[in-house]
Amino acid sequence: MTAATIVALIAIAVWTGTVVAWCRRRPWGDAGRRFFRHPSATKGMVVLVFLATVALCAPLVTPFAPYQQILTLQDHPPTWLHPLGTDFIGRDVWSRLAYGARVSLGVGTLGMLVAVTLGGLVGAAAGYFRGWTDALLMRCVDIGLSIPRIFLVLAAIALWGKLGVGALTVLLGLTGWFATSRIVRAEVMSVRERPYTDAVRALGARPWWIVLRHVLPNSSAALIVSAALGIGNMMLLEAGLSFLGAGIRPPQPSWGNMIADGRDQLATAPWTTLFPGLAIALAVMALNATGDALRDALDPKTGGK
Amino acid sequence: MLAWLLRRIAASLAIVFVTVSLTFFAIHLAPGRPFMPPDERPMNPIVVHRLEQIYGLDRPLAVQYVRYFGALARGEMGESFSQRRPVAHAIADAVPNTLLLTATALVIDFTLGILIGLFQAARARRRSDVALANVTLFFYSLPTFWLALVLQLVCALWLGWFPTGGPTDPVMHASLPLLGRLGDRLYHLVLPALTLGLVGAGGTARFQRAALLEALGHDYIRTARAKGLAESAVLVRHAWRDALLPVISLAGVALPFLLTGAVLIETVFSWPGLGKLAADAISARDYPLVLGTTLLATCAVVLGSLVADLLTVAADPRVRVTA
Amino acid sequence: MLLPALLAALGGCKGQGGCTTEYCGTVVFAASGEPSSLLPAVSTQAIERDVFDQVFLKLADIGPDGGTFGDSGFTPELARSWEWTDPLTLTFHLDPRPRWQDGPPVTAADVAFTFDVYRDSIVGSQDREALAHIASVTATDSLTVVFKFRDRYPEMFYDATYHMRILPAHLLRNVARATWQTAPFGRAPIGAGPYRFVSWTPGQSIELAADSTYFLGRPHLRRLIWRFAGNLNNAVTMVLAGEADAVEVLVTPANIAKAKADSALTLYPYPGSTYNFVRFNLRANGDRSKPHPVFADPQTRRALVLALDRPQMVQAVFAGNAKIPPGPMPQLWSWLWKSQLTPAPFDTLEAVRLLRGRHLSFHLAVPSTSPTRVQYAQLLQEQYRRLGVTVVIDQVDNATLEQQLESGKFDAAMESFQTDPAPSSSVPALWSRSGPTNWGHYANDHFDALMKTAASAPTRAAAQAAWEQAFAALDQDPPCIILYALDNIAAVNRRVADVRIQPDSWWGLVRTWRIPPSQLTERDRAGR
């Protein structure tokens, strides 16, 4: 770890503190205030902002390139220069961890975005139109839910062979929307019954317009919460796939394939597996904590827990 | 009612049919071919061709598809390529192992989860609650396979308390008395079941705590308190009864997991269950075995939801059967 | 350990009695895979061979020097003696003692039946081609069997004895040939070897028991158990934890270091039978009619060989437990290693000159199931990057890799090849113009001619000289980058004595291993 790295890390810490403090001081409306009243919201947000900034500024906080191999220094325990040690081909674990954050957080977030969009649209369509649209879409969802997720993804990866990061993200998204669509459908069905929907319809608005403009925003709370909690699951799934050798391809680091790479050396060089595992746990913990707080904030019924 | 039931069964069969068909085409069209030995001995292309003839893979896909469902209708799931024996036998060998592992894991999951949740709700927002909340959140957020690796390293390799994997000790098992065999099984079960159970318990505890706190906010609880009941009695006798229902529904969701198993855990602990069977079948392109496991998993899910619906109808006459 | 206490508590007191002699040991082998059939004629995997080599016998086995020329060094198994009646006729006299494990004696008719099965295209044996030089096998009386060859060559005896495990005709004659691949016999085999089959618990283990009447000497180990660990990592872990007694290869330096540090284990190095390489596809990716834009040019291929610091890579990955072969060969052919050949040097200057400033880019297919090859691919990618060569690593599973190779849909692939004891069949299979697994469409007539000379060389010395010439011809026009050949290292529990490992069939000599009575543990005494 060089002086520049330390300075950069301190700067990121200060930036994180400032951002979170700023958000706390001017929360947007009631929901924001309720959000920050939740005991773990601030902690979760601090971790997330910090990790996201480290991921974005990875080149600034890493003394080595993530692919750089120092072949005289394999499986070296943590030192001042390599604060988290080196891996089996002499790559700096800290540097890979920082770059891996890009992949792991990116795949999780974008994958969830795909899933939420798709799940939201399908759920809204099914809930609003009902009838055979609903029956057809929900049977598809039933099928999707009746195949275990990891089989589905493993089979899909076998189907398309070598997947890039982008394709993997889309794939995770495409197999992750079933549950979301059910939640949204239920919300939409209840929103549809409310008087203002009838009012809008009476004014002659087109069905799709009603769904997009009026029904979806009203069920967005469910959508946001399911997304926040889903990113963590997405990350865990990506890690599991990489562990089975079907996820992110080398030399690109992801937290999952770092665990897989270090598995052989678990007894002799535990740091190569331990730190990426803890990183996943920390990130998913923060996501779950934030998701909890969001749910409480957006759903006043259960607020104040 | 009967008409509803018949329609529902027909829909379930249709779902199974579509799922298996999709899997059929997906796995056959996937790149890669069966009969690839897992080690470095190259296969002679002539032998591969002969094997394709034997298993009918040289026929057009449509013919294979019709044949597969024809055989299925007669109750045959075909011969596994990688195990050189009927798929039914391979699955029958894996089911008990998976059931043992997942059922034990679910028991650990719910016992531990419910107890922790109860304890936390009793001391809500006190220091012990916050500490436990952090612990449960931590376990809930862990990659299970990572926890498995760490537990294996620490408890099996370093401390030598438990075996590193496998469901029994092949040397001693056969010569042990009945109780000894049972003990041997349990002894091998501890680490894999604990890994799955701990991660699950993290989630269940959080769920149970939330459900309890919600129940505690209800009016009848206030009534109970007003009557002067002890806080512990209020919690256990009144609130818990109410808050157990959502947890039981959570268990319902977890039921298919009994059969699909846990691919990653079974891999780490060399546990010959259905999850590992399916993952191995996919990587060996063992088409009949992939289809067989998919069929089983789908049936489990579909059957589960059918039973759940039936129970709902039976329990709540307000639910209209026309839905 | 908790287990003994637990078992004592649950199962009551177990007496110390039972087996206490020289013939009591139990050895558990940790295996990374699981057999699919134990019927030798239809087997395809090394793990299957490990097990059935205990149950079935050959006519004669290769000797400790691994020689395949003539019959020198071969040791008798089912055949007591043999003679050449004429240059194309080999007569075996069977030992009258061996019996099938269900009773009847082994006869010449069994040998003739076995040959017929191996050659039957309906059965689909992997070894069918290897027996193509043999015209017929006939039993002249119950203990005499005559092999007639089509042509003369140095390795006739090797071909007659090495590929076939003699099968019981009385049990298999009525099994329809088309159903051999799935014959139930393959899951409950009966042979004439030192061990008989006891049980197979799918997904868990296979157990064999010693045949105390075995005609070549009673095996010392009473029970052999193969435990299926699912992968190498789990297998090594089981051995380190004392749940298994032996693992045949350790592969990674981390595993070797762990095994070395474990006082309960002894390490046994032996020459490996595989070599690893990056195969170039000389035809365009997915279109066999066109030359490959990068690899069609021999100079580019040579540049890619010279650009790699292979010694450093071997050091980095295997910490000195592997070597760089001077040609496409494993360490098993140790007599060929003694030659003057050296691997092509690490010469970036020459590589840069040959590359003429072009920026190359290609995909490298790597099997995701092999951590060492994935690791190697990353080393290679980084070294090429510095020379402006872009390598895209495609991690694919074995099934996909094999299909890509067969259909020519690849640029380069990182492969591993397990050889026979004889180069004359293993080298042409991959690198001759008509080789059945020459997936890269390498064609070098000069090299093919030299290989033909080498394969028909009458003595080892002559063969060595000829192979040297052939491999030298590959130097200027390389079909692949030869990366490494492993020193295999087996780890076996210390209480097992007289451990000998046969390089071509690792556990082939297990019947001579023993556990001295003083070293016996509770596990050795237990049994049905």
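Parameters at a glance
Residues numbered from 1 in each chain as written. Chains lettered and ligands numbered in written order. Predicted model: local features only at pLDDT ≥ 70, side-chain atom pairs only at ≥ 80, totals over all residues. Helix = DSSP H or I, 4+ residues; strand = E, 2+ residues; numbered from the N terminus. Buried ≥ 20, exposed ≤ 12 C-beta atoms within 10 Å, placed from the backbone. Contact = placed C-beta atoms within 7 Å. Nonpolar A, V, L, I, M, F, W, Y, C, P; charged D, E, K, R; others polar. Axes fitted to C-alpha atoms, helices over the stretch in contact; angles between N-to-C directions. Parallel < 35°, antiparallel > 145°, perpendicular 65-115°, else oblique. Left-handed = near helix turned anticlockwise from the far one by under 90°. Core = buried A, V, L, I, M, F, W, Y, C linked by C-beta atoms within 7 Å. Pairing = 2+ DSSP bridges. Arc of directions from axis to C-beta.

Caption draft 1: Structural context of the overall build of chain A. Looking only at helices and strands, chain A features 14 helices and zero strands. Starting at the N terminus, the α and β elements of chain A follow one another as α-α-α-α-α-α-α-α-α-α-α-α-α-α. Each principal axis of the C-alpha distribution contributes one length, and for chain A these read about 75 × 50 × 30 Å. The buried share of chain A, taken over its 305 residues, is 52%. At a minimum sequence separation of 6, the contacts of chain A that also span at least 24 residues come to 70%.

Caption draft 2: Here's a closer look at the overall build of chain B. Tallying secondary structure elements over chain B gives 13 helices and two strands in all. If one aligns the C-alpha atoms of chain B with their principal axes, the spans along those axes are about 85 × 60 × 40 Å. Looking at chain B residue by residue over its 323 residues, the buried ones come to 47%. In chain B, the share of contacts with a sequence separation of at least 24, taken over all contacts with a separation of at least 6, comes to 72%.

Caption draft 3: Focus on the interface of chain C and chain A. Of the residues lining the interface, 21 residues belong to chain C; the matching set on chain A comes to 18 residues. Secondary-structure elements contributing two or more residues to the side of chain C that touches chain A are α7 (253–261), α9 (310–318), α12 (371–385) and β18 (390–396) of chain C. Per-element tally for the side of chain C that touches chain A: the top contributor is α12 of chain C, with seven residues. Residue composition of the side of chain C that touches chain A, by class: eight nonpolar, ten polar and three charged.

Caption draft 4: How the structure looks around the interface of chain C and chain B. Taken together, the contacts link 58 residues of chain C with 53 residues of chain B. Among the secondary structure elements, those contributing two or more residues to the side of chain C that touches chain B are α1 (3–11), β1 (26–31), β9 (205–210), β10 (223–228), α6 (232–240), α13 (398–407) and β19 (412–418) of chain C. No other element matches α13 of chain C, which puts six residues into the side of chain C that touches chain B. Considering only residue class, the side of chain C that touches chain B consists of 20 nonpolar, 28 polar and ten charged.

Caption draft 5: Unusual backbone geometry, seen in detail. Residue and element names in this part refer to chain C. Phi at A319 takes a positive value of approximately 50°, unusual for a residue other than glycine. Note on placement: A319 falls in the loop between α9 and β16 (322–323). Unlike most non-glycine residues, D498 shows phi in positive territory, near 55°. One can find D498 in the loop between β20 (480–493) and α17 (522–525).

Caption draft 6: The arrangement of the packing of helix α5 (residues 93–129) of chain A against helix α12 (residues 220–243) of chain A in detail. Residues and elements named next belong to chain A. For the pair α5 and α12, the least separation of the axes is 8 Å and the interaxial angle reads 135°. Comparing the axis directions of α5 and α12 gives the class oblique. Read as a crossing pair, α5 and α12 show a hand that is right-handed. Here S104, V107, G108, T109, G111, M112, A115, V116 and G120 of α5 come into contact with α12, specifically with L223, A227, G230, I231, M234, M235 and E238.

Caption draft 7: Representation of the nonpolar core. Judged by nonpolar contacts, the single largest core of 305 residues is most densely connected at V239, V247 and A491 of chain C. Broken down by element, this core gets its largest block of residues, 17 residues, from α5 of chain A. Each residue touching V239 of chain C, except ones within four places of it in the same chain, is listed here: A30, A244, A246, V247, L265 and A491 of chain C. Counting residues in hydrophobic clusters, the runner-up holds twelve residues, among them A215, V234, L235 and W240 of chain B.

Caption draft 8: Geometry of the sheet that holds strand β7 (residues 144–149) of chain C. Residue and element names in this part refer to chain C. One open sheet accounts for four strands, arranged β4-β5-β7-β6; its pairing is antiparallel. Across the chains shown, the open sheet's two edge strands, defined by having one partner strand only, are β4 (79–86) and β6 (134–141). Strand after strand, the sheet turns through a mean of 20° between neighbouring axes, direction not considered. Contacts between helix α3 (residues 108–119) and the sheet are confined to β5 (89–94), β6 and β7, with β6 contributing the most and set at about 160° to the helix.

Caption draft 9: Main features of the environment of S305 of chain B. Mapped onto the elements, S305 of chain B comes out in helix α13 (residues 287–315). Distance from S305 of chain B to S12 of chain B, taken between C-alpha atoms, is 9.3 Å for residues 293 residues apart in sequence.

Caption draft 10: Spotlight on the packing of helix α1 (residues 3–25) of chain A against helix α3 (residues 41–56) of chain A. Residues and elements named next belong to chain A. Where α1 contacts α3, the axes come no closer than 9 Å and their chain directions differ by 135°. Taken as axis vectors, α1 and α3 run oblique relative to one another. Considering only the axes of α1 and α3, their crossing is right-handed. Contact with α1, carried on its side by I12, W15, T16, V19, V20 and R24, involves T42, M45, V46, V49, F50, T53 and V54 of α3 and no other residues of that element.

Caption draft 11: Structural view of the pairing of β7 of chain C. Residue and element names in this part refer to chain C. Inspection of the sheet shows β5 paired to β7 by five bridges, in the antiparallel sense. Within the sheet, the bridge partner assigned to H93 lies in β7 and is T144. Relative to β7, β6 runs antiparallel, the two being bridged by six bridges. Note that in β7 the partner of V137 across the bridge is F147. Hairpin remark: β6 followed by β7, antiparallel, with two residues in the connecting loop.

Caption draft 12: Region of the structure containing helix α2 (residues 45–54) of chain B. All names here are of chain B. Taken residue by residue, α2 has V47, R50, L51 and I54 as its buried positions. The buried side chains of α2 occupy one side of the element, clustering within an arc of 100° when seen end-on. Positioned one or two residues after α2, G56 has a phi angle of 70°, which is positive.

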